[in-house]
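If you want the building blocks of each chain, they are given just below.
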Amino acid sequence: MTASRTRSAAAAASVHEHGWITASVHATSVGHVRYVRCAGCGGWRVDADVATAAPPAAVSRVVV
Ligand SMILES: [Zn+2]
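Right, let's walk through the structure included here.

1. Concerning the overall build of the protein
Scanning the protein for helices and strands turns up one helix and four strands. Traced from its N-terminal end to its C-terminal end, the protein shows the element sequence α-β-β-β-β. Restricting to contacts in the protein with at least 6 residues of sequence separation, those with at least 24 account for 15%. With the model as given, the accessible surface of the protein reaches about 4,400 Å², and the carbon-plus-sulfur share is 60%.

2. Section: the sheet that holds strand β3 (residues 44-50)
Adjacent strands of a sheet form backbone hydrogen bonds with each other and so pair up, either parallel or antiparallel. Pairing is antiparallel across the open sheet formed by four strands, whose spatial order is β1-β2-β3-β4. Pairing within the sheet leaves two strands with one partner each, and these edge strands are β1 (20-28) and β4 (57-58). Looking at chain direction, β1 and strand β2 (residues 31-38) are connected through eight bridges and run antiparallel. Residue pairing in the sheet places T28 in a bridge with G31 of β2.

3. Remarks on the coordination of the zinc ion
For a metal with four donors in a tetrahedral arrangement, the ideal angle between donors is 109.5 degrees, while six donors in an octahedron ideally sit at 90 or 180 degrees. Each protein donor to the zinc ion is listed here as H16 (NE2), H18 (ND1), C38 (SG) and C41 (SG); together their distances run 2.1 to 2.4 Å. Considering all four donor atoms around the zinc ion, angles at the metal cover 98 to 121 degrees and the coordination shape is tetrahedral. Counting along the primary sequence, the residues that act as donors to the zinc ion give the motif H-x1-H-x19-C-x2-C. For H16, a relative accessible area of 28% translates into the label partly exposed.

Conventions used here
- Residues numbered from 1 in each chain as written.
- Predicted model: local features only at pLDDT ≥ 70, side-chain atom pairs only at ≥ 80, totals over all residues.
- Heavy atoms only, no water.
- Helix = DSSP H or I, 4+ residues; strand = E, 2+ residues; numbered from the N terminus.
- Contact = heavy atoms within 4.5 Å.
- Areas by Shrake-Rupley, 256 points an atom, 1.4 Å probe, with all protein chains shown as cover.
- Pairing = 2+ DSSP bridges.
- Donors = N, O, S within 2.8 Å, 3.2 Å for Na, K, Ca; no water.
- Tetrahedral: all angles 85-135°; square planar, octahedral: opposite > 155°, others 65-115°.
- Buried < 20%, exposed > 50% of the residue type's maximum accessible area, 1.4 Å probe, protein only.

What follows is the structure in C-alpha cells.
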C-alpha cells in the first residue's frame, strides 16, 4: 500500500458514517470482543459486547 492510498483511506474514515460489519467474534469472561470492518472505507475497530442489553460499544479508535 502506498502512502497516498493510506492517507486517502484515513481521510475517508474521518468524513463518513462508518457501516460496521463483524469480521470475527471472540468470547471472553465478560462477554464478546468483536473485530469489525467498515464496508465503506475499510477501517477496522474493536468492539466490546458485554453481557447486557446495551448495544456493542467501541473500545478502540478506527484503524485504516
Ligand atoms: Zn468507514
